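# Coordinates in review
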Amino acid sequence: MSSEVIRVTAEGNNATGDGTKEKPFKTGLKALMTVGKEPFPTIYVDSQKENERWEVISKSQMKNIKKMWHREQMKNDSREKKEEAKKIIIKNYPSLPEPACVKICALEGYRGQRVKVLRRQGKYLMFLVLRDGTGYLQCVLSDHLCQCYNGVVLSTQSSVEVYGTLNLTPKGKQAPGGHELSCDFWELVGLAPAESDVDVQLNNQHMMIRGENMSKILKARSMITRCFRDHFFNRGYCEVTTLTLVQTQVEGGATLFKLDYFGEEAFLTQSSKLYLETCLPALGDVFCIAQSYRAEQSRTRRHLAEFTHVETECPFLTFEDLLNRLEDLVCDVVDRVLKSPVASIVYDLNPNFKPPKWPFRQMNYSDAIEWLREHDVKKEDGTLYEFGDDIPEAPERLMTDTINEPILLCRFPVEIKSFYIQRCPEDSRLTESVDVLMPNVGEIVCGSMRSWDSEEILEGYKREGIDPAPYYWYTDQRKYGTCSHGGYGLGLERFLSWTLNRYHILDVCLYPRFVQCCRP
């Protein structure tokens, strides 16, 4: 395909499309597969703006599609390797001693001898980790033993027979039982379906959750959720059951899941904070632990389309009070977890975990911009960050990981924060807002003081182009007995990723929901 422009639309057809206006593709992946090689032409997709049919695909979308394209290329390469591997034949040489057939648990008495082990495979890397129900054994394959066809296609949970000599583990190395099998021949008894591809694993999550690690994570998640509730009840909060179906936005219209609600437009909630605020006059400090939804076209290691949101709203407090409550929340919940039955799981999954020390480091948004400039961290266009720029995930995490301690990042500019956030009394360009940043994860909490003046709220609607009519009930909170108040939202999955040292947020979910993944 020689065209410099390709068009992709939800109404397109991958089977008959050719990337033109008349015959667009349905998916970006099909477009790249058709082109076949880089550099790729410009891809146009459905525009999100009124009166515009097309717009250039976003950088994040293009990045994700390229990842999928590279994955497909690797699959093609793998097919070629398999064909080559079929030409390699391994033999069980009769000149070698007849092996003793031994259970893994009884291997210690056979060190230095040739043995045969029948087992189901637990893991395949540069070596096999064998499992037969009585124990585990590391088995080393080299040269043609792992280059043959069965070696190339071998996958987790496959059954094999392995022949070789049992030797002590080399000095400075570790292996189950203190020994390893130097393999001289092996046979594939039963091949299991490949599970290495992340998407394959996610599609079979109902089987993956049976694994030891996932079992530990789900048990820890249960107890950590309980510890959050115990913290709030201990501090005098009242739990509120909030809504899922709403007709208002909280974090911007671009990430709303829209649906038809008996002929009216409705959304899946982005956050329960606005509804929690309505409970303050009746209940005082309130919290909820509920699902929130964001239609983000992001496939990063910390984004989900559906996540568990721990949210609070509190009346009669100052910004400093809010910061203190955030520190108290994180430290107290961690303390409760480490005194609970899952403490051993935390240290098993994260042996180097250390409880955070109070007080946390405080930085203003302007300090973060200065840090990025001093460390020559640049935007995608190659320029340095300026005051007013939103700080994306990658540079934020770089800063947090470099500083390597919890950070309260405060006082963001008005322009990059939502309509309901209170301005700083000392500088109206800034807001009384805070993000809690943790090493290896980044932002786990977003909080702020809420604007409690009706004129400021109306100005906020206007600034963000929001029709105030559907928000009449929220505006009324400023007309009838208003007071200073604030709150925050914590992503439970991000908190778990930090506590349990999981690299990807998908690892702490029962059934993750994110772009292009809504099953099982």
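Reading guide: rules and limits
Residues numbered from 1 in each chain as written. Predicted model: local features only at pLDDT ≥ 70, side-chain atom pairs only at ≥ 80, totals over all residues. Heavy atoms only, no water. UniProt positions renumbered as here; feature names shortened; annotations may be inferred. Buried < 20%, exposed > 50% of the residue type's maximum accessible area, 1.4 Å probe, protein only. Helix = DSSP H or I, 4+ residues; strand = E, 2+ residues; numbered from the N terminus. Arc of directions from axis to C-beta. Pairing = 2+ DSSP bridges. Axes fitted to C-alpha atoms, helices over the stretch in contact; angles between N-to-C directions. Core = buried A, V, L, I, M, F, W, Y, C linked by side-chain atoms within 4.5 Å. Contact = heavy atoms within 4.5 Å.

As recorded in an unreviewed UniProt entry, the protein chain goes by Asparagine--tRNA ligase, cytoplasmic and comes from Cricetulus griseus. The UniProt entry for the protein chain carries this comment under Subcellular location (unreviewed entry): "Cytoplasm".

Among all positions in helix α12 (residues 365–374), only Y365, A368, I369, W371 and L372 are buried. Taken end-on, α12 shows its buried residues confined to a sector of 160°, consistent with a single buried face. Positive backbone phi, at 55°, marks D376, one or two positions downstream of α12.

Moving on, we come to the sheet that holds strand β1 (residues 5–7). Here three strands make up an open sheet; going across it, the order is β1-β2-β3 and the pairing mixed. Strand pairing shows two members of the sheet lacking a second neighbour, β1 and β3 (54–56), which therefore form its edges. On average, each strand axis in the sheet is inclined to that of its neighbour by 35°, with strand direction left out of account. Bridge analysis of strand β2 (residues 42–46) against β3 gives three bridges, and the strand direction is antiparallel. Within the sheet, the bridge partner assigned to D46 lies in β3 and is W54.

Glancing now at the pairing of strand β9 (residues 179–190). Pairing geometry for strand β7 (residues 136–140) and β9, over three bridges, is parallel. Within β9, the residue paired with C139 across the bridge is L181. Of the strand pairs in this sheet, strand β8 (residues 159–168) and β9 are connected by ten bridges, and their pairing is antiparallel. Along β9, the bridge assignment pairs Y163 with F185.

Time to look at the nonpolar core. Counting 55 residues, the largest nonpolar core has F228, F232, V434, F495 and W498 as its most contacted members. Here this core gets ten residues from one element, more than from any other, and that element is helix α10 (residues 319–338). Aside from chain neighbours lying at most four places away, what touches F232 is Y237, F287, V310, T312, L329 and Y488.

Bringing the environment of I345 into the picture now. By the element assignment, I345 lies in helix α11 (residues 343–349). Classification of I345 by relative accessible area gives buried; the value is 12%. When the C-alpha positions of I345 and L500 are compared, they lie 8.4 Å apart, and in sequence the two are 155 residues distant. Not counting residues within four places of it along the chain, the set of residues in contact with I345 comprises K216, K219 and A220.

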